[in-house]
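Letter by letter, the chains look like this.
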Amino acid sequence: MMKLNKALATVALAGSVAAMSAPAMARDTISIVGSSTVYPFATVVAERFGTKTDFSTPKLESTGSGGGMKLFCQGIGTQNPDITNASRRMKTSEFELCQKNGVTDITEFRIGSDGIVIASSNKAENLDISLKQLFLALGSKVPVDGKWVANPNKNWSDVDSSLPNKPIRVMGPPPTSGTRDSFNELALAAGCDELPEAESLSKDEHGAICESVREDGAFIEAGENDNLIVQKLIGDTGMYGVFGYSFLEENSDRLQAATLNGMIPTAEGIAADEYPVARSLFFYVKKAHIGVVPGIQEYVDEFISNAALGQNGYLKDVGLIIPPREQLMNLMDKAENMPNLTVDELK
């Protein structure tokens, strides 16, 4: 089956690239674009793959999930990427763009999960907070008497008397970070949507209000250095930080996680999408390039192998919340059969 898929893919691609110049076809290295969140995991796989096989080490570019989809869907031919990584599922609009540009055969792999936590020093007063309360603390605008106004809440207790009576001070990633994007969408917007005032917002207003962090000093951008956040939290018990679950695990002797919507983050809860700020991680393969650009099938096989994604796999060691065994078996079946993603699966 695998050889047949490769043969069919080669024939399909040959027809679409017949008019290309020779330089455009001269590529023997896999091209991968997409999510900055998936990037470090894919980099580890690519380096292992380049070391243990005769294929070239794949070239990876961190373009963001949306940027990667745009590049991936530009068309068939080796001037376009072979694989794109994503920290969210492909949108129907992106699928339709791919189809429009001849990228009709795509296989989707959900490789695991990541969770975003609110953390503090284990000597600080821990938070037990709902997403609604979190939005009212960190949103740039909140409703007061039915009108959206600049966030007036200074202390956590201004949001709810059950919360600490101390200033709202949260350190987190900058707008360029994929973690910030996910935090805005999965935490803030979800909390905003629980407010009755959000129901009347237009799509543009919703994005501008519900996914916008206040800029008056309550939220402090820390850059991309998570170690800096840890040091700040340890030295300041009035500060809270936003980052990925894997980083919390690495510092569990010094940090504690807030309870969000009644849940303490765990690897099991995140893997099952039960934790409220959990996100699935994916990569997408352009099937027409298999057998044309060397090593694509073999790279996929390495990524979803027991060595990488198993219970003792090396991706677990670098912080990926790996899929349950049943899901891993399904991934292996996908790698063998490379089924086409359909638009109905994305709805």
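The rules behind these values
Within each chain, residues carry numbers counting from 1 in the order of the written sequence. With pLDDT at 70 or above as the cut-off, local features in this predicted model cover only qualifying residues; side-chain atom pairs require 80 or more to be listed or tallied, and sums for whole chains, interfaces and linings still use all residues. The side-chain values count all of the structure's non-hydrogen atoms but skip hydrogen atoms and water molecules. In this text, helices come from DSSP runs of H or I with a minimum length of four residues, and strands from runs of E with a minimum of two, each type numbered from the N-terminal end. Here the globule rule is a power law, 2.2 Å times the number of residues to the power 0.38, and the radius of gyration is based on C-alpha atoms. Only protein chains enter the area calculation, which uses a 1.4 Å probe; residues under 20% of their type maximum are buried, those over 50% are exposed, and those in between are partly exposed. Contacts were defined at the residue level, with two residues in contact if any of their heavy atoms lie within 4.5 Å. Computed with a 1.4 Å probe, the accessible areas rest on the Shrake-Rupley method; for each residue, only the protein chains presented here act as cover. In plain words, nonpolar cores are sets of buried Ala, Val, Leu, Ile, Met, Phe, Trp, Tyr and Cys residues tied together by side-chain atoms within 4.5 Å. Pairing between two strands requires that DSSP report at least two bridges joining them. The split into domains, and so the bounds of each, comes from an automatic or database assignment of domains. A quick way to say it: buried area is the sum, across both parts, of accessible area lost when two parts are put together, with a 1.4 Å probe. By disulfide we mean two sulfur atoms from cysteines, separated by a distance within 2.5 Å. In protein, a polar contact requires one atom able to donate a hydrogen and another able to accept it; more generally it is a pair of N or O atoms within 3.5 Å, and residues adjacent in sequence count only if both atoms are side-chain atoms. Per-residue confidence from the predictor is given as pLDDT, running between 0 and 100. Basic side-chain nitrogens of Lys or Arg form a salt bridge, by our definition, when they fall within 4 Å of a carboxyl oxygen of Asp or Glu.

Asker: I tried to follow the overall build of the chain on my own but got confused; where do I start?
Answerer: Of regular secondary structure, the chain possesses 17 helices and 13 strands. For 347 residues, the compact-globule formula gives about 20 Å, and the C-alpha radius of gyration of the chain, at 22 Å, lands near that figure. Counting only C-alpha atoms, the chain reaches 65 × 45 × 35 Å along its principal axes. Per-residue burial over the chain gives 51% buried out of 347 residues. Excluding contacts between residues fewer than 6 apart, the proportion of contacts in the chain whose partners are at least 24 apart in sequence is 74%. Per element, the accessible surface of the chain, about 15600 Å² overall, is 49% carbon and sulfur.

Asker: Is there a simple way to explain the nonpolar core in this structure?
Answerer: In summary, soluble globular proteins display a tendency toward joint burial of nonpolar side chains. By size, the foremost hydrophobic cluster in this structure holds 54 residues, and its most contacted members are Ile118, Leu138, Trp156, Phe183 and Phe243. If you tally residues by element for this core, the top one is helix H6 (residues 131-138), at six residues. Among the nonpolar cores identified, the runner-up in size contains 33 residues, and Phe41, Ile296, Ala335 and Met338 belong to it.

Asker: Explain the pairing of strand S3 (residues 83-86) to me, please; I cannot follow it from the model alone.
Answerer: It is a general feature of regular strands that their side chains alternate between the two faces of the sheet. Neither face of S3 is open: one carries Ile83 and Asn85, the other Thr84 and Ala86, and all of them are buried. In terms of strand pairing, strand S1 (residues 31-34) meets S3 through three bridges, oriented parallel. Note that in S3 the partner of glycine 34 across the bridge is asparagine 85. As paired elements, S3 and strand S13 (residues 278-286) share four bridges and run antiparallel to each other.

Asker: What am I meant to see in the domain arrangement of the chain here?
Answerer: By convention, interface size is frequently given as the accessible area that disappears when the constituent parts associate. Domain annotation of the chain identifies domain 1 (31-113 + 279-345) and domain 2 (115-278). Put simply, the middle of domain 1 and the middle of domain 2, counted by C-alpha atoms, are 30 Å apart. Here domain 1 packs against domain 2, burying approximately 840 Å² in sum over the two surfaces, 49% of which is carbon and sulfur. Interface area lost by domain 1 to domain 2 is led by Ser113, Arg279 and Ile321, which between them contribute 65%.

Asker: I'm lost on the state of the cysteines in this one. Help?
Answerer: Defined simply, a disulfide is a covalent bond joining two cysteines at their sulfur atoms. Within this structure, the stated rule accounts for two disulfides. Across the disulfide, cysteine 73 is cross-linked to cysteine 98 (sulfur-sulfur distance 2.0 Å). On the sign convention where negative is left-handed, the bridge of cysteine 73 and cysteine 98, at about -75 degrees about the S-S bond, is left-handed. Placement of cysteine 73 in the loop between helix H4 (65-72) and S3 and of cysteine 98 in helix H5 (residues 92-100) is noted, with a sequence separation of 25 residues between them.

Asker: Please explain the side chain of asparagine 151 as it appears in this structure.
Answerer: Mapped onto the secondary structure, asparagine 151 falls in the loop between strand S7 (147-150) and helix H7 (156-159). Engagement of the side chain of asparagine 151 in a polar contact is seen with the backbone oxygen of leucine 136, the distance being 3.0 Å.

Asker: I keep staring at the environment of proline 152 and nothing clicks. Help me out?
Answerer: Along the chain, proline 152 turns up in the loop between S7 and H7. Sequence separation of proline 152 and glycine 262 is 110 residues, and the distance between their C-alpha atoms is 26 Å. When near neighbours in sequence (up to four residues on either side) are disregarded, proline 152 contacts Val142 and Val144.

Asker: Quick question: what am I supposed to make of the confidence of the model for the chain here?
Answerer: Interpretation of this model should avoid reading the predicted coordinates in detail wherever pLDDT is low. Chain-level statistics for the chain give a pLDDT mean of 89 and a share of 91% at 70 or above. Across residues 1-24, where pLDDT falls below 50, the model places 32 contacts with residues more than four positions away in sequence or in other chains.

Asker: Even after reading the chapter, I still don't get the pattern of salt bridges, so can you show me in this structure?
Answerer: Any two side chains of opposite charge can pair if their charged atoms end up close together. Evaluation of the coordinates by the stated rule reveals nine salt bridges. Across the salt bridge formed by glutamate 302 and lysine 52, the nearest N and O atoms sit 3.1 Å from each other. One end of the pair, glutamate 302, is in helix H13 (residues 296-303); the other, lysine 52, is in helix H3 (residues 39-52), with 250 residues separating them in the sequence. Exposure remark for glutamate 302: the relative accessible area of 9% places this residue in the buried category. Taking the shortest distance from any N to any O, the salt bridge between arginine 214 and aspartate 216 comes out at 2.8 Å. Judged by its relative accessible area of 4%, arginine 214 falls in the buried class.

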